[in-house]
Amino acid sequence: MTTVDQSEINAAVWSACDTFRGTVDPSIYKDYVLTMLFLKYVSDVWQDHYDDYKTQYGDHPELIEEMLKNERFVLPSRANFYALREQRHSSGNGERIDKALHAIEEANIGKLRDVFQDISFNSTKLGDEQQKNDILRHLLEDFAKPELNLRPSRVGTLDIIGNAYEFLIKNFASTSGKKAGEFYTPPEVSTLMAQLMDPQEGEEISDPTCGSGSLLLKVGRLIRERTGSRKYALYGQEAIGSTWALAKMNMFLHGEDNHRIEWGDTIRNPKLLDGEAAWDPFSAVRGKKKSPSEPSIKPASLKHFDIVVANPPFSLEKWGHEGAEADTFSRFRRGVPPRTKGDYAFILHMIETMKPGSGRMAVVVPHGVLFRGAAEGRIRKQLIDENLLDVVIGLPEKLFYGTGIPAAILVFRKKKADDKVLFIDASRDYQDGKNQNFLRAEDLKNIVDTVRARRSVDKYAYLASPSEIAENDYNLNIPRYVDTFEEEAEIDLMAVRKERLELKAELARLEEQMASYLKELGYE
């Protein structure tokens, strides 16, 4: 039974960051805090279940041991949080924590392979040996506080911990400047994209630039909320090793065992493949070695998905232009994006991974994608002529961490209801924030309802025909289609003249009055 609420847990994990503040930059210490939250949670779950089994089978330790083998994960005895805390006053905290993490990884290799290889608590990033040992001692003590007792018997549902993890990631994103967009999409935008995709039970969902996995998790959660089913599969790829590790831990803490998150550059080295890299999502069995007697497996090809969502890095300069012409998967047959702007590289990759029948996708882009010419203009024309582009949504400014520029969401579908494109200008509907703006529930509903109705709305949305888009030379700049101009009220010049004369007379009266006062005071 839950005895704490989400805000208590969130406040406790955020205060644990005080150990690092003023000593280590947030972009560095976020990985240590998030990993310690993971370690503390698995340790508390393990201890909770051990105590339950001991109550039931107290005189049979071998039975307790067998029962623990059936857990979602295995926790080696000396690798748990409490064993590390007991030794916190001894030198070597960093080395002990690293060994514990590697032991956990080895014991759960199918779920946590390589997750901790890119993080070291024994790193000089935390200072010299003495400072590092003190910081880690304090961190262990912070997570041992009663407020961070994360046992299921105390905090209840798995979502409490998953939500706390997301809370930390969001707060790190808001304090990490330009780097923030590399690992986190604002929750309101993730919710909007999930709703636009309308995910269904049994579908396969992909994010080729998944960051910490928050967007994938939001799509999966929507399926669970609607159906109560976990029959779906999440796929992702992330280029930055430490961020990929966050995604793996994030999936684990949300109970999303039915996932495949790969580490690598999606454009240069896509890893979500069929053929030799096949993975059965609904049995969660990764590609078994075939015996010599089995037929040869066909060469790997890009895997196709029902839903593809992404918030790729905006206008990435070094995206892999040099290898695009010879791309094995023919992703750039519609054209090669500019050398210094990778937006359409990610869009074309996503287009290529949609399933022929059910495939749909939503991608966050900077507005330049809508109107830039040359190679991008030719690619845009091709996508529109193929009737793949479905919706263009202009978002407010300052929604995304690390950038104040407004962005747009493009929705593509393999099978559309018509040959038109719906343009929505949602740039004026938001809640002001100190550093970030926010989409409110009513803003999300308005966008989603308009997409579903698929019709023009005065000063908000316009359903454009192919000929209209062609007349605009395939420029998708939203103001070309949605007229948001508000006419000013007509000015009554005679009324203005009358008011001016009245003010002039009043000013003369006041001047006369002031002169008499000055005369009385002897200031003639």
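Anything mentioned here points back to the structure above.
Conventions used here
- Along each chain, numbering runs from 1 in the same order as the chain's sequence is written.
- Local features in a predicted model are, by the rule used here, given only for residues with pLDDT of at least 70; side-chain atom pairs are given and counted only at 80 or more, and totals for whole chains, interfaces and linings are based on all residues.
- Heavy atoms throughout the structure, all of them, feed into the side-chain values; hydrogens and water do not.
- When a residue's accessible area, from a 1.4 Å probe over protein chains only, is under 20% of the maximum for its type it is buried; when over 50% it is exposed; and in between it is partly exposed.
- Each helix is a run of DSSP H or I of at least 4 residues and each strand a run of E of at least 2, with the numbering of both proceeding from the N terminus.
- For two strands to be treated as a pair, DSSP must find at least two bridges joining them.
- Assignment of crossover handedness uses the view with strands pointing away from the viewer, where a clockwise path from the first strand over the helix to the second indicates a right-handed crossover.
- Think of each axis as a best-fit line through the C-alpha atoms, taken over the contacting stretch in the case of a helix, with angles from 0 to 180 degrees between the N-to-C directions.
- In what follows, residue pairs with any heavy atoms lying within 4.5 Å of each other are defined as contacts.
- Here a salt bridge means any side-chain nitrogen of Lys or Arg lying within 4 Å of a carboxyl oxygen belonging to Asp or Glu.
- For a helix, the expected span equals 1.5 Å multiplied by the number of residues minus one.

A. View of the pairing of strand S3 (residues 259-263). Within S3, four of the five residues are buried, which leaves the element mostly enclosed by the surrounding structure. In this sheet, S3 lies alongside strand S2 (residues 233-238) in parallel orientation, the contact comprising five bridges. Across the sheet, the residue bridging to Leu234 is His259, located in S3. Each parallel crossover has a hand, and for S2 linked through helix H12 (residues 241-253) to S3 it is right-handed.

B. Structural context of the sheet that holds strand S10 (residues 421-425). Taken together, nine strands build an open sheet; the order of strands is S3-S2-S1-S6-S7-S9-S8-S10-S11 and the sheet is mixed. In the strand order of this sheet, the two ends are held by S3 and strand S11 (461-464), each with one partner. Within this sheet the neighbouring strands show an average axis-to-axis angle of 15 degrees, counted without direction. Of the pairings in the sheet, the one linking strand S8 (residues 389-394) to strand S9 (residues 407-413) comprises five bridges and is antiparallel in character. By the bridge assignment, Val392 is partnered in S9 with Leu410. Seen against the sheet, H12 touches S2 and S3 and runs at an angle of roughly 170 degrees to S3.

C. Representation of unusual backbone geometry within the structure. Backbone geometry places Ser315, a non-glycine residue, at a positive phi of 45 degrees. Looking at the element boundaries, Ser315 is found in the loop between strand S6 (307-310) and helix H13 (343-352). For Asn387, which is not glycine, the phi dihedral falls at a positive 60 degrees. Along the chain, Asn387 turns up in the loop between helix H15 (374-385) and S8.

D. Representation of the pattern of salt bridges. Going through the model one piece at a time under the given rule, you end up with 37 salt bridges. Between Glu256 and Arg224 there is a salt bridge whose closest N-O contact spans 2.7 Å. Of this pair, Glu256 sits in the loop between H12 and S3 while Arg224 sits in helix H11 (residues 214-227), and the two are 32 residues apart along the sequence. You'll find Glu256 and Arg224 in the same group, each marked buried.

E. A look at H15. Relative to the 16 Å expected for twelve residues at 1.5 Å per residue, H15 spans 17 Å between its end C-alpha atoms, a close match to the ideal helical length. Within H15 the residues assigned to the buried category are Ala375, Glu376, Gly377, Ile379, Arg380, Leu383 and Ile384. On the buried face of H15, the contacting elements are H13, helix H14 (368-371), S8, S9 and helix H17 (466-471). Downstream of H15 by one or two residues, Asn387 has phi in the positive range, about 60 degrees.

Interpretation in functional terms is not warranted from these geometric data alone.
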